[in-house]
Amino acid sequence: MKFKLGRRAFIAAAASLSLAAPVFADDHKVVDSIHFLIPGGAGGGWDGTARGTGEALTGAGLVGTASYENMSGGGGGKAIGYLIENADSQHGTLMVNSTPIVIRSLTGVFPHNFRDLTLVSGTIGDYAAIVVGKDSPLNSMGDLLAAFDADASGTAIGGGSVPGGMDHLVAAMVMEAAGKDALAVKYIPYDAGGKAMAALLSGEIAALSTGFSEAVALADAGEVKILGVTADDRVAAYDAPTMKEQGIDTSFVNWRGFFAAPGLPADKLAMYQEAITKMYATPEWEAVRARNGWVNIHNSGDDFRTFLEGQEKVIGDLMKKLGFL
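The shown structure was predicted, so the numbers you read here are calculated from the model rather than taken from an experiment.

Rules used in this analysis
- Residues numbered from 1 in each chain as written.
- Predicted model: local features only at pLDDT ≥ 70, side-chain atom pairs only at ≥ 80, totals over all residues.
- Heavy atoms only, no water.
- Helix = DSSP H or I, 4+ residues; strand = E, 2+ residues; numbered from the N terminus.
- Rg over C-alpha atoms; globule rule 2.2 N^0.38 Å.
- Contact = heavy atoms within 4.5 Å.
- Areas by Shrake-Rupley, 256 points an atom, 1.4 Å probe, with all protein chains shown as cover.
- Phe/Tyr/Trp six-rings, centres within 6.5 Å; stacked < 30°, edge-to-face > 60°.
- Buried < 20%, exposed > 50% of the residue type's maximum accessible area, 1.4 Å probe, protein only.
- Pairing = 2+ DSSP bridges.
- Right-handed = clockwise from strand over helix to strand, strands pointing away.
- Expected span 1.5 Å × (residues − 1).
- Salt bridge = Lys/Arg side-chain N within 4 Å of Asp/Glu carboxyl O.
- Core = buried A, V, L, I, M, F, W, Y, C linked by side-chain atoms within 4.5 Å.
- Axes fitted to C-alpha atoms, helices over the stretch in contact; angles between N-to-C directions.
- Parallel < 35°, antiparallel > 145°, perpendicular 65-115°, else oblique.
- Left-handed = near helix turned anticlockwise from the far one by under 90°.
- Nonpolar A, V, L, I, M, F, W, Y, C, P; charged D, E, K, R; others polar.
- Polar contact = N/O pair within 3.5 Å; in protein donor to acceptor, adjacent residues only side chain to side chain.

Draft legend 1. Focus on the overall build of the protein. Helix and strand counts for the protein stand at eleven helices and ten strands. Taking 20 Å as the expected radius of gyration for a compact globule of 325 residues, we find that the protein reaches 19 Å, a close match to that expectation. Over its C-alpha atoms, taken along the principal directions, the protein stretches across nearly 60 × 40 × 35 Å. Residue pairs in contact within the protein that sit at least 24 positions apart in sequence constitute 79% of those at least 6 positions apart. Here the protein has roughly 12,300 Å² of accessible surface; of this, 51% comes from carbon and sulfur atoms.

Draft legend 2. Quick look at the packing of aromatic side chains. Considering all chains together, one arrives at eight aromatic pairs under this definition. For the ring pair Trp255 and Phe259, a centre distance of 6.3 Å and an interplane angle of 55° mean the geometry is tilted. One exposure class covers both Trp255 and Phe259, and it is buried. Take Trp255: its relative accessible area is 2%, and that puts it in the buried class. Three or more aromatic residues link up through ring pairs in this structure, and these residues are Trp255, Phe259, Phe304 and Phe307.

Draft legend 3. Representation of the pairing of strand β1 (residues 31-38). Here seven bridges tie β1 to strand β2 (residues 63-70), and the two strands are oriented parallel to one another. Bridge pairing links Phe36 to Tyr68 in β2. The handedness of the β1 to β2 crossover, carried by helix α2 (residues 45-59), is right-handed. Relative to strand β3 (residues 93-98), β1 runs parallel, the two sharing three bridges. Its bridge partner being in β3, His35 is matched across the sheet by Thr93.

Draft legend 4. Representation of α2 within the structure. Spanning 15 residues, α2 covers 21 Å between terminal C-alpha atoms, matching the ideal 21 Å at 1.5 Å per step. Within α2, the full set of buried residues consists of Gly45, Trp46, Asp47, Thr49, Ala50, Gly52, Thr53, Gly54, Ala56 and Leu57.

Draft legend 5. Spotlight on the pattern of salt bridges. By the definition in use, this model includes 13 salt bridges. Here Asp32 makes a salt bridge to Lys29, at a shortest N to O gap of 3.3 Å. Judged by its relative accessible area of 56%, Asp32 is exposed. In this structure Lys29 comes out as partly exposed when scored by relative accessible area, which is 45%.

Draft legend 6. Geometry of the nonpolar core. Grouped together as the largest cluster of nonpolar side chains are 31 residues, with contacts concentrated most on Met141, Leu144, Leu169, Ile248 and Leu322. When contributions to this core are tallied by element, the ones reaching two or more residues are β4 (118-133), α5 (141-150), α6 (166-177) and α11 (301-321). Of the residues forming this core, the biggest block, nine residues, is contributed by α6. In this view, Leu169 contacts Ile103, Ile315, Leu318, Met319, Leu322 and Phe324; residues no more than four positions away in its chain are not counted. Judged by nonpolar contacts, the second largest core, of 28 residues, contains Leu62, Leu269, Ile276 and Tyr280.

Draft legend 7. The arrangement of the packing of α2 against helix α10 (residues 283-292) in detail. Relative orientation of the contacting elements α2 and α10 amounts to 160°, with a least axis distance of 8 Å. Here α10 runs roughly antiparallel to α2, going by the angle between their axes. The crossing of α2 and α10 is right-handed. For the pair formed by α2 and α10, the contact residues are Gly52, Thr53, Glu55, Ala56 and Gly59 on the first element and Glu284, Trp285, Val288 and Arg291 on the second. Grouping the amino acids of the contact of α2 with α10 by side-chain chemistry returns three nonpolar, three polar and three charged.

Draft legend 8. Here's a closer look at the side chain of Thr53. Tracing the backbone through its elements, the reader meets Thr53 in helix α2. Non-local contacts of Thr53, meaning those with residues more than four positions away in its chain, are made with Phe36, Phe258, Met279 and Trp285.

Draft legend 9. Representation of the side chain of Ser213 within the structure. Among the structural elements, Ser213 can be located in helix α8 (residues 212-220). Its relative accessible area of 7% is what places Ser213 among the buried residues. Looking at Ser213, its side chain comes within polar contact range of the side chain of Asp126, at 3.0 Å.

Draft legend 10. Region of the structure containing the environment of Ser161. Tracing the sequence through the fold places Ser161 in the loop between β5 (157-159) and α6. Classification of Ser161 by relative accessible area gives buried; the value is 5%. Separated by 28 residues in sequence, Ser161 and Pro189 place their C-alpha atoms 5.6 Å apart. Not counting the four nearest positions on each side in its chain, Ser161 is found in contact with Arg104, Met166, Asp167, His168, Tyr187, Pro189 and Tyr190.

Laid out in structure tokens, this is it:
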């Protein structure tokens, strides 16, 4: 069975999705300060997205200062619950999230969903990757598949998300597309990307399912080898083979974006959206985007809602096929 949750399906999920931002000459400060709430630990994709966005916004002068708070727990549910329960005091906070907010609502990991928050803006896409430690005997997806065939339970794949979460879903998609039984994959969850990477380097798991931007940083440092990327074509940020060129007909890109507390005043929401929109035209953002291998995927407000509703259907249908729902 082959799954193609690639860029076409990703983009088709919302007819109004915008892939380009207008260029603004005026780059004066739009927001005095932003406090970024990160639902996972250090070293994960949410952490990198929040800190990279804050770096670009402050570096470009669009935001005066940025602060960051990591709040792990409940597969991201702790941070969402905190934002909702303390809404009146959180008007200066933006919470980063991504595809898991849809997945974990569908699976009932937490009772809230994106409709319980103020939708600010979708900002980027990040491909997924399967990586191994630098000293691993595995050098290609073919090697990993052979190891899986020889000993499925001994070829554990880890990730920085809960069972049935994003990293698990990507690993299952890839193995299913390679003709393997996705439900036979031994997946070991970790609370954050950094912890998952430590498990890989210690040999606790054979491979790691992670975001491409996280994989690039570790590959550049010489700590991992990237076996395959879920892009349609090789990505300029790092010359790693795609799944497709290795005969695994699947592709996927994980969106990331920002949410605010329910009841956020309209003028405050407009300021956040203006700052993010202007950010795309700055060299500071381009530097952050390029080094992480992100794809610019910008949609605000109602467009963001339409997109997320499309994601619910696309992801939900896929999870049913894989037996996760």
